Amino acid sequence: MAAAPDDAGGPVHTLLAEAAARRDDPVLAPPARPRVGVDLGTASCVLVVLDRDDDGRDRPVWVESAASGALHDGVVVDFARAVATVRELRSRAQDALGVDLSRAATAYPPCIPVADARACTYVCETAGFDEVALVDEVSAAQRTLGVTDGVVVDVGGGSTGIGVFRGGELVRLDDRPGGGHHLDLILAGALGIEVDEAERVKRERPADALPILVPGLHRIAESVRAMTAGTDDELPLHLAGGALMIPRAGDVLASYLQRTVVTHPHALLVTPVGIAKSCPGERRSL
């Protein structure tokens, strides 16, 4: 069984393509209704600014990321570094767009302790945001993908989260350790290189990396199997997150689990865009 791209993605894939384009071509004009998302990832932090038009459509105007390393398995372990990273990203976005960004949303991996989840909020508040909404990462990904009946699988740097949706409603939420960083560790050990170099090899030479990473992908698949036990096996798995942006990684999961796996373009941006969509709207200051 092979993974399949979501050919019916339509507006979702257009939104993701626009967000990807904003990395190199931001809209340098003050957004009328800015909605900010801060994704505090394990390897990097991503800040997305959407502007909601009069038709209620969210249009990406700014997307930027910065290396962080301030989180481990979704938990903030270097508060000062996380704050500095978010503050710098916010400042750059404000200067470029010519607008004060006072509200944001951020996200946490499902099932981490409440105190650890709130730490993500405190990071954004300390970085200068006055009001911060908090959402779990899987629900954020769902806000982008709009899956009605299916399983959203968000594979981040440190953990893999799943959300089972029926009729558009979340009926199960879970999270387990194991993600992109663990794949990098496997690759680094096999090739005798540093972890940072392994990440580069994974991106630039995916055909060479994939055979080495199959056992790690199977581990992720087993986590998904365990977290979705007792649900309808016919529900498709929708992949989000940057950890599995390796050609044919979805095929490995589909073959191992014997389930339909749906891939999406620019999967790295699915969750950050959904976090921004979770932000309370605000109007441009006069």
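Residues numbered from 1 in each chain as written. Predicted model: local features only at pLDDT ≥ 70, side-chain atom pairs only at ≥ 80, totals over all residues. Heavy atoms only, no water.

### Looking at the confidence of the model for the protein
Here comes step 1: Across the protein, pLDDT averages 91, with 95% of residues at or above 70.
Here comes step 2: Ranking the elements of the protein by mean pLDDT puts strand 1 (residues 4-5) last with 66 and helix 9 (residues 270-277) first with 97. (pLDDT = per-residue confidence, 0-100. Helix = DSSP H or I, 4+ residues; strand = E, 2+ residues; numbered from the N terminus.)

### A word on the sheet that holds strand 7 (residues 103-108)
Here comes step 1: Taken together, 5 strands build an open sheet; the order of strands is 4-3-2-7-8 and the sheet is mixed. At either end of the open sheet lies a strand with only one pairing partner, and these are strand 4 (58-67) and strand 8 (131-136). With strand direction ignored, the average angle separating the axes of adjacent strands in the sheet is 20°.
Here comes step 2: Where strand 2 (residues 34-40) meets strand 3 (residues 44-52), 7 bridges bridge the pair, whose relative direction is antiparallel. Looking at the pairing, V38 lines up with L47 of strand 3.
Here comes step 3: Against the sheet, helix 3 (residues 114-126) contacts strand 2, strand 7 and strand 8, and its axis sits at roughly 150° relative to strand 8. (Pairing = 2+ DSSP bridges. Axes fitted to C-alpha atoms, helices over the stretch in contact; angles between N-to-C directions. Contact = heavy atoms within 4.5 Å.)

### Examining the side chain of H13
Here comes step 1: Within the fold, H13 resides in helix 1 (residues 11-22).
Here comes step 2: Within the structure, the side chain of H13 is placed 3.2 Å from the side chain of H264, a separation counted as a polar contact. (Polar contact = N/O pair within 3.5 Å; in protein donor to acceptor, adjacent residues only side chain to side chain.)

### Description of the pattern of salt bridges
Working definition: two side chains of opposite charge can pair if their charged atoms are close together.
Here comes step 1: Per the counting criterion, the structure on display carries 18 salt bridges.
Here comes step 2: Residue R33 pairs with D54 through a salt bridge whose shortest N-O separation is 3.3 Å. With a gap of 21 residues between them, R33 in the loop between helix 1 and strand 2 and D54 in the loop between strand 3 and strand 4 connect regions that are remote in the sequence.
Here comes step 3: With its nearest N and O atoms 2.9 Å apart, the salt bridge here joins R52 to D58.
Here comes step 4: A single salt-bridge network, built from bridges that share partners, covers R35, R52, D58 and K277. (Salt bridge = Lys/Arg side-chain N within 4 Å of Asp/Glu carboxyl O.)

### Some thoughts on the environment of P30
Here comes step 1: Of note, P30 is situated in the loop between helix 1 and strand 2.
Here comes step 2: Along the primary structure P30 and E169 are separated by 139 residues, whereas in three dimensions their C-alpha atoms are 35 Å apart.

### With respect to the packing of aromatic side chains
Here comes step 1: Per the stated rule, a full pass over the model turns up 0 aromatic pairs.
Here comes step 2: Directly above the aromatic system of F129 lies the positively charged group of R90, at a separation of 5.1 Å from the ring centroid. (Phe/Tyr/Trp six-rings, centres within 6.5 Å; stacked < 30°, edge-to-face > 60°. Lys NZ or Arg CZ within 6 Å of the ring centre and 35° of its normal.)

### With respect to the layout of surface pockets
Here comes step 1: What the largest pocket holds in volume is close to 770 Å³.
Here comes step 2: In terms of lining, the largest pocket is formed by 38 residues, of which the most central are T42, A43, S44, G156 and G157.
Here comes step 3: Sorting the residues of the lining of the largest pocket by element identifies strand 2, strand 3, strand 4, strand 9 (150-155), helix 5 (180-191), helix 6 (195-204) and helix 9 as the ones contributing at least two each.
Here comes step 4: The leading source of residues in the lining of the largest pocket is helix 6, at 5 residues.
Here comes step 5: Roughly 260 Å³ of internal volume is contained in the second largest pocket. (1 Å grid on protein atoms, 1.4 Å probe; cavity = no way out; pocket = protein on both sides within 12 Å on 5 of 7 lines; lining within 4 Å. Points joined across faces, edges and corners; volume = space filled by probe spheres on them.)

### Re the environment of M227
Here comes step 1: Mapped onto the elements of the fold, M227 is located in helix 7 (residues 206-227).
Here comes step 2: On the accessibility criterion, M227 (1% relative accessible area) is buried.
Here comes step 3: On a C-alpha basis, the gap between M227 and D174 in space is 6.3 Å, while along the polypeptide they are 53 residues apart.
Here comes step 4: Leave out the neighbours within four places in its chain, and M227 touches T160, I162, R172, D174, D175 and R176. (Buried < 20%, exposed > 50% of the residue type's maximum accessible area, 1.4 Å probe, protein only.)

### Details of the packing of helix 5 against helix 7
Here comes step 1: Put simply, helix 5 and helix 7 touch, their axes get as near as 9 Å, and they point 140° apart. On the basis of the axis angle, helix 5 is oblique to helix 7. Viewed along their axes, helix 5 and helix 7 form a crossing whose handedness is right-handed. In this structure, helix 5 contributes H182, L183, I186, L187, A190 and L191 to the contact, and helix 7 contributes A209, I212, L213, G216, L217, R219 and I220.
Here comes step 2: Residues that form the contact of helix 5 with helix 7 fall into these classes: 10 nonpolar, 2 polar and 1 charged. (Parallel < 35°, antiparallel > 145°, perpendicular 65-115°, else oblique. Left-handed = near helix turned anticlockwise from the far one by under 90°. Nonpolar A, V, L, I, M, F, W, Y, C, P; charged D, E, K, R; others polar.)

### A look at the environment of A105
Here comes step 1: Relative to the helices and strands, A105 is located in strand 7.
Here comes step 2: Apart from the residues within four sequence positions on either side, A105 is in contact with V36, G37, V38, A133, I275, S278 and C279.

### A short note on unusual backbone geometry
Here comes step 1: Although it is not a glycine, C111 sits at a positive phi angle of roughly 75°.
Here comes step 2: Overall, C111 belongs to the exposed group, its relative accessible area being 52%.
Here comes step 3: In the Ramachandran plot, R248 falls in the positive-phi region, its phi being about 80° despite a non-glycine side chain.
Here comes step 4: Note that R248 resides in the loop between strand 12 (237-240) and helix 8 (249-257).

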